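Coordinates in review
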Amino acid sequence: MEERLEQAELDRLWLPGDPIASEERLADAVARSDRSEVVRAELETQRARALGLQGRIEEGEALLDSLEPASGVLEVRVLLERGRLRLAADRLEEAVPLLEAALRAARRDGDTGLALETALTLAEADAPRSEQWVEEGLADLAGTGDPRLLRFGAVLFDLRGWARFADGDAAAALVSFEDAVRAAELYGTPDQRFAAQWAVGRALRALGRTTEALAVQRRLQEERPDARAVAAELAELERSTEQRPTGTDPSTGSGGRPFPTAPPTDGAVPGETHTIES
């Protein structure tokens, strides 16, 4: 069996929202004398990502270059992080083929975790095909019973919902947001559940179901009184109940998704952290 970096350790090393400190922690881990070359190389791919998040794209690319040629899990990670570096550099046309190659390599090796992480990154980056990547990720998810990986379901359903919402299909978005709530309640984090429930309320408002939307947002306000997105949505709902001029679209107002794909305590946010935390 191929030796590899333990995901639990990687989760501990990454500090969401702090790529500088994460890079330092990853560098310290690489320097440990008890590391195998394979694990050290995997850690270096994550350090390359941390460099990219700091805007140090060329340094990140050079670090990945030093790991070539790569095979197995290292090949997947190098391709994935090259794709992310190109995204950080706003080179989408170059990023997507690299990410597609990473997804193929992960599936070839039966690595469901990295396949899900890559599909999620593609769904965020490749907007015209977002739903395709979400559906592929959900298909990968169907083959696992790992609770940590099943947490990806909440993120994927959330992404699908916002893609449908952006296309103007609030009814279909609502169905997907409700799927995200169920997935978050079963396997996700409190932040994922909160964000998914907010999205349900947002879709209800877009559908003109104001009373139901108000009930959702008021429950969320009781849970987290300082949540600004909830306060903004409540303000829109309360205005709409007072008076809505003829022809006003109930979907206008506080806008779309106020949360990242997964809330900040999670690591599923492409371009910010590494993956979903355990």
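Heads up: these notes are all about the structure in this document. Just so it is clear, the structure is predicted and the values come from calculations on it, not from any experiment.

Within the largest apolar cluster, 58 residues are counted, with the highest numbers of intra-cluster contacts made by Phe 152, Leu 156, Phe 177 and Val 230. In contact with Phe 177, other than residues within four places in its own chain, are Asp 158, Gly 161, Trp 162, Ala 196, Ala 199, Val 200 and Ala 203. With eleven residues, the next largest nonpolar core counts Ala 41, Ala 48, Leu 64 and Ala 70 among its residues.

For the pair helix 7 (residues 112-125) and helix 8 (residues 130-141), interaxial distance at closest approach is 8 Å and the crossing angle is 165°. Considering the angle they form, helix 7 stands roughly antiparallel to helix 8. In the packing of helix 7 onto helix 8, the handedness of the crossing is left-handed. Each of Thr 112, Ala 115, Leu 116, Ala 119, Leu 122 and Ala 123 in helix 7 lies in contact with helix 8, whose residues at this interface are Ser 130, Trp 133, Val 134, Gly 137, Asp 140 and Leu 141. Broken down by class, the residue content of the contact of helix 7 with helix 8 amounts to eight nonpolar, three polar and one charged.

Conventions adopted
Residues numbered from 1 in each chain as written. Predicted model: local features only at pLDDT ≥ 70, side-chain atom pairs only at ≥ 80, totals over all residues. Heavy atoms only, no water. Core = buried A, V, L, I, M, F, W, Y, C linked by side-chain atoms within 4.5 Å. Buried < 20%, exposed > 50% of the residue type's maximum accessible area, 1.4 Å probe, protein only. Contact = heavy atoms within 4.5 Å. Axes fitted to C-alpha atoms, helices over the stretch in contact; angles between N-to-C directions. Helix = DSSP H or I, 4+ residues; strand = E, 2+ residues; numbered from the N terminus. Parallel < 35°, antiparallel > 145°, perpendicular 65-115°, else oblique. Left-handed = near helix turned anticlockwise from the far one by under 90°. Nonpolar A, V, L, I, M, F, W, Y, C, P; charged D, E, K, R; others polar.

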